[in-house]
Amino acid sequence: MRILLTGGSSFTGLWFARSLANRGHTVVAPLKGSDYTGLRGDRVAELRRVAEVVEDCPFGSARFLELTKTGSWDLLCQHAAQTGDYRNPEFDVFGAAVANTNNVAAVLKTMLARGLAKVVLTGSAFEPDEGAGEMPLRAFSPYGLSKGLTWQYYRFLSETMGFSLGKFVIANPFGPFEEPRFCSYLIRSWFNGEVPTVRTPLYVRDNIHVNLLAAAYASYAEKLTSQPGICKLSPSFYVESQGTFANRFASEMSSRLGVPCPIGLQQQEDFSEPMVRINTDRIDGVALNWDESSAWDAEADYYIQAAK
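Attention in this report is confined to the structure presented alongside it. The shown structure was predicted, so the numbers you read here are calculated from the model rather than taken from an experiment. (Residues numbered from 1 in each chain as written. Predicted model: local features only at pLDDT ≥ 70, side-chain atom pairs only at ≥ 80, totals over all residues. Heavy atoms only, no water.)

Focus: the nonpolar core
Next up, step 1: With 58 residues, the main nonpolar core has Leu 20, Leu 47, Phe 168, Trp 190, Tyr 217, Phe 249 and Met 253 as its most contacted residues.
Next up, step 2: Counting residues per element, this core draws most heavily on helix 8 (residues 210-223), at 10 residues.
Next up, step 3: Leu 20 has contacts with Ile 3, His 25, Val 27, Cys 77, Tyr 217, Ala 218 and Ala 221, leaving out every residue within four places of it along the chain.
Next up, step 4: If you look at the next biggest cluster of nonpolar residues, it comprises 22 residues, including Leu 65, Leu 67, Leu 121 and Trp 151. (Core = buried A, V, L, I, M, F, W, Y, C linked by side-chain atoms within 4.5 Å. Buried < 20%, exposed > 50% of the residue type's maximum accessible area, 1.4 Å probe, protein only. Helix = DSSP H or I, 4+ residues; strand = E, 2+ residues; numbered from the N terminus. Contact = heavy atoms within 4.5 Å.)

This is the structure in C-alpha cells:
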C-alpha cells in the first residue's frame, strides 16, 4: 500500500512507520515543522530511514492538500493529534479538536478521488466510552475529551462520505524513543543509584511494549476492509496494577542493565483518575512474530546507549 501517515515524529508514530515499512508498504510522513532537536529530532532521523518525510506540512494546510494530490493513496493513517500538556486541566478541548480535524473533509475528498478507501484514526484509552473499567467510562482529562470529539467527527464523515474507518485505541505504550515519563524515570533513577517511587501503585492499567503495539497496528491496517463501515481494535497486553508493572519492569531490567533496580511503592493518596481503565482486545504476540525477550533487550540497550 501507499500510506499517508501523520504524526510520524511522535513516539508511537515512529514505530508505526517502521512496522508498516518493514511489511513492504510505502510510507509518506508529513511533519508539522522542520527544525527538530533532542528526542524528537532523534525520532525524525529514524523516521527518515523508513519513510518519505515531508517537512513543514501540517495536517489540513495548503501544502498538505497539495501532497494529497500526488499519486494514488491506499490508506490514510491519521495518527497526529494536538497533545501539548495532555494532563493539564486547562487543556484547550475545542482548539485541539479543531486542529485535529483541520480541513479534513477537503483532505478526504481529494484522497478518495485518488483511490483512498480506508482510514485508520488513532484513539486513546483516555477518551470517554473506551475500554473497560470503572463506570462510567468518562474521559480522563480534557485531552481525552478532545480525542473523543475528533473520533465523533471522523465517524460522521465515514458515514456520510462512504469510506472504511478503523479506530486503533492506544492504552499505555512503552519502549525505545519514549517521552521521558514513567519508564525513563525508573531507569534514570537506577543509573543514579536511587530508589524510584511509584505514587499511584493501585491504578490498574494496560501497558504494552511499543514494538508489539506497532506490529498490531500494521496488521490491523492491512486487514481493515475497503468496504464502507466502522470497526475498532483496542490492543491489550500487560493488564495489572501500576505497582505490579513497575516490579515487572524492574525484574526485566535488573539483569539487562547491570545495576540494582529497586522499587519503592508509596501509599496512594491521589485517586483523581479511574481506578481501572484497560483495553479489551488481548494481543497474541506469537501470531505477530513478536519476541518478548528481544523487546526487553532492546529496551535496555536503548537506555544503556542513551546513558553513554
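Let's talk about a nonpolar patch on the surface
Next up, step 1: There is a patch of nonpolar side chains on the surface, built from Phe 94, Leu 145 and Leu 149 and spanning about 290 Å² of accessible area.
Next up, step 2: Secondary-structure assignment places Phe 94 in helix 4 (residues 93-100).
Next up, step 3: You can call Phe 94 exposed: its relative accessible area is 61%. (Patch = residues over 30% accessible without salt bridge, like charges linked within 9 Å, V, L, I, M, F, W, Y side chains within 5 Å. Areas by Shrake-Rupley, 256 points an atom, 1.4 Å probe, with all protein chains shown as cover. Salt bridge = Lys/Arg side-chain N within 4 Å of Asp/Glu carboxyl O.)

A short note on the sheet that holds strand 3 (residues 52-54)
Pairing between sheet strands relies on hydrogen bonds along the backbone, with the strands arranged either parallel or antiparallel.
Next up, step 1: The seven strands are arranged 3-2-1-4-5-7-11 in an open sheet whose pairing can be described as parallel. Lying at the two open borders of the sheet, with one neighbouring strand each, are strand 3 and strand 11 (229-233). Neighbour-to-neighbour, the strand axes of this sheet turn through a mean angle of 20 degrees, independent of strand direction.
Next up, step 2: By the bridge criterion, three bridges tie strand 1 (residues 2-5) to strand 4 (residues 75-78) in an arrangement that is parallel. For Leu 4, the partnering residue across the bridge sits in strand 4 and is Leu 76. (Pairing = 2+ DSSP bridges. Axes fitted to C-alpha atoms, helices over the stretch in contact; angles between N-to-C directions.)

Structural notes on the pattern of salt bridges
Next up, step 1: The final tally for this structure, using the stated rule, is 15 salt bridges.
Next up, step 2: Arg 256 serves as the salt-bridge partner of Asp 297, at 2.7 Å between the closest nitrogen and oxygen. Pair noted here: Asp 297 is in helix 10 (residues 292-307) and Arg 256 is in helix 9 (residues 242-257), with a separation of 41 residues, a long-range link.
Next up, step 3: One connected set of salt bridges, linked through shared partners, spans Glu 127, Glu 130, Lys 167 and Lys 232.

With respect to the packing of aromatic side chains
Next up, step 1: If you walk through the whole model with that rule in mind, you get 24 aromatic pairs.
Next up, step 2: Centre to centre, the rings of Phe 16 and Phe 168 are 5.8 Å apart; their planes meet at 90 degrees, and the pair counts as edge-to-face. Here the residue Phe 16 occupies a position in helix 1 (residues 11-22), and Phe 168 occupies one in strand 7 (residues 164-170), the gap between them amounting to 152 residues.
Next up, step 3: Ring plane angle 45 degrees and centroid distance 6.2 Å describe the contact between Phe 245 and Phe 249, whose orientation is recorded as tilted. Of this pair, Phe 245 and Phe 249 are both found in helix 9, four residues apart, which corresponds to roughly one turn of the helix.
Next up, step 4: The class for Phe 249 is buried, based on a relative accessible area of 0%.
Next up, step 5: An aromatic cluster is built from Phe 174, Trp 190, Phe 237, Tyr 238, Phe 245, Phe 249, Trp 290 and Trp 296, whose rings are joined through pairwise contacts. (Phe/Tyr/Trp six-rings, centres within 6.5 Å; stacked < 30°, edge-to-face > 60°.)

All we've got here are geometric facts, nothing functional implied.
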